[in-house]
Amino acid sequence: MSLLQTGARAATALVLAALFAVPQNLLAETHVVSPSDLQQQLVETTRDRQNNLSTVRGFLSKSTAEKAMKSASIDPKQVQNAVSSLSDEELANLAQRANKAQADFAAGGLSDRDLIWIILAIAVLVLIIVAVR
């Protein structure tokens, strides 16, 4: 036997010995995030989405909003149904805008007319986003 063959056999034996000597659970891929952390993140994301849905739907279901949409020939039910198909980011953005518009209106920073324009803009934006998909 040549020196090369002997070295190859010795190397193979060492690799096999190392594989069987090391416990398999140490070779297993370790998770950086635990399953409970993933579940908690999922719960928080779902809760945030539900809060954003309720904010946008509440904003668009006000009588002022429904009258504004009907006067612009926009079906309020279609807009309400379209809201649920928005992505989390789109929904969060619209919820933030709706909250700001409500706060500005309550503080006297917006007139009824301004609020109607904001409502129509949000309704059209929702319909456009859904139509593009």
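From a predicted model like this one, the values you see are computed outputs, not experimental measurements.

Asks: Mind showing me how you'd approach the overall build of the protein chain here?
Replies: Within the protein chain, the regular secondary structure consists of seven helices and zero strands. Seen in sequence order, the protein chain has helices and strands lined up from the N terminus as α-α-α-α-α-α-α. Counting only residues that meet the buried cut, the protein chain has 22% of its 133 residues in that class. If you sum the accessible surface of the protein chain, you get close to 9400 Å²; carbon and sulfur atoms cover 60% of it.

Asks: How should unusual backbone geometry be read in this particular structure?
Replies: Glycine aside, residues mostly have negative phi angles, and peptide bonds mostly take the trans form. With a phi angle near 60°, S73 is a residue other than glycine that sits in the positive phi range. Turning to its location among the elements, S73 is positioned in the loop between α4 (63-71) and α5 (76-83). On the basis of relative accessible area, S73 is assigned to the exposed category, the value being 71%.

Asks: It is not clear to me how helix α7 (residues 112-132) should be interpreted in this structure. Could you clarify?
Replies: It helps to recall that an α-helix has 3.6 residues per turn; residues three or four apart then point in one direction. Between the first and last C-alpha of α7 there are 30 Å, a value that for 21 residues agrees with the 30 Å anticipated at 1.5 Å per step. Along α7, the positions that sit buried rather than exposed are L115, I119, L120, I122, A123, V126 and I129. Considering only its buried residues, α7 is in contact with α3 (35-60), α4, α5 and α6 (88-106).

Asks: Explain the packing of α3 against α6 to me, please; I cannot follow it from the model alone.
Replies: The relative placement of two packed helices is expressed as an angle between their axes plus a distance between the axes. Two elements in contact, α3 and α6, have axes whose closest approach is 8 Å; the angle formed by their N-to-C orientations is 45°. Judged by the angle between their axes, α3 and α6 are oblique. Of the two elements, α3 crosses α6, and the hand of that crossing is left-handed. Residues T45, R49, N52, L53, T55, V56 and F59 of α3 touch α6, and the partners they reach there are D88, L91, A92, L94, A95, A98, N99, A101 and Q102. Classifying every residue of the contact of α3 with α6 gives nine nonpolar, five polar and two charged.

Asks: Can you walk me through the nonpolar core in this structure?
Replies: One recurring pattern in soluble globular proteins: nonpolar side chains tend to sit buried together. The biggest cluster of nonpolar side chains holds 25 residues, and the ones touching the most others in it are V56, F59, L60, M69, V79, V83 and V126. Taken together, the elements giving at least two residues each to this core come down to α3, α4, α5, α6 and α7. In contact with V79, not counting residues within four places along its chain, are L60, M69, I74, A123, V126 and L127.

Asks: Would you explain the environment of I119 in this entry?
Replies: Take I119: it is sitting in helix α7. Remark: the alpha-carbon pair of I119 and A68, spanning 51 residues in sequence, is separated by 7.4 Å. Sequence-distant contacts of I119, defined by excluding residues within four places in its chain, comprise F59, L60, T64 and A65.

Asks: Just checking my understanding: could you explain the pattern of salt bridges for this structure?
Replies: Between side chains of opposite charge, a pair can form as their charged atoms come close. Within this structure, the stated rule accounts for two salt bridges. Salt-bridge contacts for K100 lead to D104; the nearest nitrogen and oxygen are separated by 2.9 Å. With K100 and D104 both in helix α6, this residue pair falls four residues apart, about one helical turn. Given a relative accessible area of 27%, D104 falls into the partly exposed group.

The rules behind the values
- Residues numbered from 1 in each chain as written.
- Predicted model: local features only at pLDDT ≥ 70, side-chain atom pairs only at ≥ 80, totals over all residues.
- Heavy atoms only, no water.
- Helix = DSSP H or I, 4+ residues; strand = E, 2+ residues; numbered from the N terminus.
- Buried < 20%, exposed > 50% of the residue type's maximum accessible area, 1.4 Å probe, protein only.
- Areas by Shrake-Rupley, 256 points an atom, 1.4 Å probe, with all protein chains shown as cover.
- Expected span 1.5 Å × (residues − 1).
- Contact = heavy atoms within 4.5 Å.
- Axes fitted to C-alpha atoms, helices over the stretch in contact; angles between N-to-C directions.
- Parallel < 35°, antiparallel > 145°, perpendicular 65-115°, else oblique.
- Left-handed = near helix turned anticlockwise from the far one by under 90°.
- Nonpolar A, V, L, I, M, F, W, Y, C, P; charged D, E, K, R; others polar.
- Core = buried A, V, L, I, M, F, W, Y, C linked by side-chain atoms within 4.5 Å.
- Salt bridge = Lys/Arg side-chain N within 4 Å of Asp/Glu carboxyl O.

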